[in-house]
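Inside the fold
Chain by chain, the residues run as shown.
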Amino acid sequence: MKLTGVELRRVRMPLVAPFRTSFGVETTRDVLLLRAVTDEAEGWGECVALTDPLYSSEYVDGAADVLRRYLVPALAAHERLDANMVVPALHRFKGHRMAKAALEMAVLDAELRAAGRPLARELGAVRERVPCGVSVGIMGSVGELLDAVDGYLEAGYVRIKLKIQPGWDVEPVRAVRERFGDDVLLQVDANTAYTLADARHLARLDPFGLLLIEQPLDEEDVLGHAELARTLATPICLDESITSAKSAADAIRLGACSIVNIKPGRVGGYLEARRVHDVCAAHGVPVWAGGMLETGLGRAANVALAALPGFTLPGDTSASDRYYRTDITPPFVLEDGHLPVPTAPGLGVEPLPDALAAVTTGTDWLPL
Ligand SMILES: CC(=O)N[C@@H](Cc1ccc2ccccc2c1)C(=O)O
Ligand SMILES: [Mg+2]
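Residues numbered from 1 in each chain as written. Chains lettered and ligands numbered in written order. Predicted model: local features only at pLDDT ≥ 70, side-chain atom pairs only at ≥ 80, totals over all residues. Heavy atoms only, no water.

Further remarks concern helix H8 (residues 222-229). Every buried residue of H8 is accounted for by Gly224, His225, Ala226 and Leu228. Among the structural elements, helix H7 (199-202) and strand S9 (236-238) are those in contact with the buried residues of H8. Of the residues that open H8, the one with a side-chain oxygen 2.8 Å from the backbone nitrogen of Gly224 is Asp221. (Buried < 20%, exposed > 50% of the residue type's maximum accessible area, 1.4 Å probe, protein only. Helix = DSSP H or I, 4+ residues; strand = E, 2+ residues; numbered from the N terminus. Contact = heavy atoms within 4.5 Å. Polar contact = N/O pair within 3.5 Å; in protein donor to acceptor, adjacent residues only side chain to side chain.)

Encoded structure:
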């Protein structure tokens, strides 16, 4: 396949409600999309970097810049190109995994569309639909939180994840347990907001039967998570710390986590995400699909990934209307707590032209 050019496209998607985490509040998703044009087909990629470098070091303007100046031009040298070659071709450029993942995703989508092959088949999916959890932000009051959780349970979500931070942790978890009972699948995500000094405080979450506590400590504090794991009864799941299959193996062997949240953008692509899944499965570590408030494009790919055998916990693959009133693709709608795995070639979805145009704030054509 010959890559003839890549379009960078910025879209601005208002959220249905502010989404608050330990690192900030978002009311709008500022997304960088990629459209890879080849001699055989076109493909779409989505960069999951946030507007600001608050979840990780990457941010949207930086991703657009590194793609424009380094990553896309680096692919020009390749007469023939397939998706497996993209990340190795970019290896000399350090980091920028979310930017690299978006470029690989666009080339992979084009390649699979040309071959008439669904992404789910390519990755090794074994399910036709996946159970969906939902991520609930930090709220202004416990009452507001309980109303939000009630709505999501009514909608059919099979698992509730609460964002926590110091000052908003034990009380909201206790309130959800008291209101909705012990059978609701419940977990928490701290987005690195605690330190090892908070270990005794975090142990106060143990009586609530949580599935896991996600990324309590700094993303670089792997040994700290291993020490915390020896203190807490609640299983530790890592998100920000897991940046590749190798880092997953290291974290598992160091006892830093017993569950892994897989996000293709964070680990450098869907092909690496499959390798993370395989490494975790080899160690008997369950995984689930994390979310970065993707549009329907990234959502389609994450649902395909979530259908692999090792994804035994419900992911943050929520329906489109969890975040957006109008998606840029046909919406993903929750059915009996599940989302269907796309079966059409490539991602299986593509942008609706009018919806895409309505939220596009800029395009940049990069010819090769
Ligand atoms: C669904 C979920 O909790 N996602 C991330 C955090 C996160 C939070 C806020 C975000 C705002 C804009 C874009 C991406 C974002 C990702 C997580 O698991 O840690
Ligand atoms: Mg997380």
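Next comes the rest of the description.
This part is about the domain arrangement of the protein chain. Taken domain by domain, the protein chain holds domain 1 (3-116 + 353-361) and domain 2 (120-340). Centre-to-centre, using C-alpha coordinates, domain 1 lies 23 Å away from domain 2. For domain 1, the biggest contributors to the area lost against domain 2 are Phe19, Arg20 and Tyr55; these three give 23% of the whole. The interface formed by domain 1 and domain 2 includes 0 salt bridges. Here domain 1 and domain 2 share 13 residue pairs in polar contact (both at pLDDT 80 or more) between them. Elements that contribute at least two residues to the side of domain 1 that touches domain 2 include exactly strand S1 (3-21), strand S2 (24-38), strand S3 (42-47), helix H2 (83-89), helix H3 (97-115) and helix H13 (353-359). (Domains from an automatic or database assignment. Buried area = accessible area lost by both parts, 1.4 Å probe. Salt bridge = Lys/Arg side-chain N within 4 Å of Asp/Glu carboxyl O.)

Another aspect to go through is the packing of aromatic side chains. The description of two aromatic rings rests on the distance between their centres and on the angle between their planes. By the definition in use, this model includes 5 aromatic pairs. Geometrically, the ring pair formed by Tyr323 and Tyr324 is tilted, given 6.3 Å between the ring centres and 55° between the ring planes. Among the aromatic residues, those joined into a ring-pair cluster are Phe19, Tyr323 and Tyr324. Here the guanidinium or amino end of Arg159 rests over the ring plane of Trp288, the centre of that ring lying 5.0 Å away. (Phe/Tyr/Trp six-rings, centres within 6.5 Å; stacked < 30°, edge-to-face > 60°. Lys NZ or Arg CZ within 6 Å of the ring centre and 35° of its normal.)

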